[in-house]
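# Examining the three-dimensional arrangement
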Amino acid sequence: MSEQATEARPSIEEMTRSNSTYAKIIYILYLVGLVIGLTAIIGVVMAYVKRSEPEMPVWLKTHFDFQIQTFWYGVIYLLVGILLATVFIGAVVLVWWMIWLIIRSVKGLSALDRQTAIEGTFFGFGRDL
């Protein structure tokens, strides 16, 4: 019976591959969220669920933290852009938000392909603020 339990349990490599696929899906959901906002909400929920899984490599856990951070900073950018939409600066903030989200998502997807940790940053460039 213990042999069957051992065989049924996925290996670390399989779990890493599965979680890496989840992280890719979340980045894609964020990009689709530029058109259909609901997908970004689904993505952040998935990131919160996956972040707490045990036996996950640290480099992969950084992606889920990065995705959660991206969502919440993105919500702030979006709200500020909408609030300022009556003046020109609101449009600039909304365009910046879209570019920022695309850069962060592409940066995350690229790091996932290399199987490396991603550094969480506020603007998407450089170190944390």
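Just above sits the structure.
Here helix α3 (residues 38–51) spans 20 Å end to end across 14 residues, near enough to the 20 Å set by a 1.5 Å rise per residue. Thr39, Ala40, Gly43, Val44, Met46, Ala47 and Lys50 are the residues of α3 that are buried. Buried residues of α3, seen end-on, are gathered within an arc of 160° and therefore sit on one face of the element. Facing away from the buried surface of α3 by more than 90 degrees, the exposed residues are Leu38 and Val49. Contacts made by the buried residues of α3 are with α2 (12–32) and α4 (58–83).

Take the packing of α2 against α3 next. At a minimum axis separation of 7 Å, α2 and α3 run at an interaxial angle of 155°. On the basis of the axis angle, α2 is roughly antiparallel to α3. In the packing of α2 onto α3, the handedness of the crossing is left-handed. Across the interface between the two elements, Asn19, Tyr22, Ile25, Ile26, Leu29, Tyr30 and Val32 of α2 pack against Thr39, Ala40, Ile42, Gly43, Val44, Met46, Ala47 and Lys50 of α3. Tallied by class, residues from the contact of α2 with α3 come to 11 nonpolar, three polar and one charged.

Conventions we followed
Along each chain, the written sequence defines residue order, and numbers are assigned to residues from 1. Local features are withheld for residues below a pLDDT of 70 in this predicted model, meaning they are given only at 70 or higher, and side-chain atom pairs are given and counted only at 80 or more; totals for whole chains, interfaces and linings count all residues. As a convention, hydrogens and water are excluded, and side-chain values are obtained from all of the structure's heavy atoms. Only DSSP runs of H or I with at least four residues qualify as helices, and only runs of E with at least two residues qualify as strands; both kinds are numbered from the N terminus onward. Expected helix span is computed as 1.5 Å times (number of residues minus one). A simple rule labels every residue: compare its accessible area, found with a 1.4 Å probe on the protein chains alone, to the largest value its type can have, and call it buried under 20%, exposed over 50%, or partly exposed in between. Starting at the helix axis, one direction is taken to each C-beta atom, and the arc is that of these directions. By definition in these notes, contact holds between two residues if any of their heavy atoms fall within 4.5 Å. Every axis corresponds to a line fitted to the C-alpha atoms, with the helix fit spanning only the stretch in contact, and the corresponding angles, defined between N-to-C directions, vary from 0 to 180 degrees. Any angle from 65 to 115 degrees is called roughly perpendicular, while one under 35 is roughly parallel, one over 145 is roughly antiparallel, and all others are oblique. Each crossing is labelled by how the near helix is turned from the far one, with a counterclockwise turn of less than a right angle marking it left-handed and a clockwise turn marking it right-handed. In this count, Pro and Cys sit with the nonpolar residues alongside Ala, Val, Leu, Ile, Met, Phe, Trp and Tyr, while Asp, Glu, Lys and Arg are called charged and the others, Gly among them, polar.

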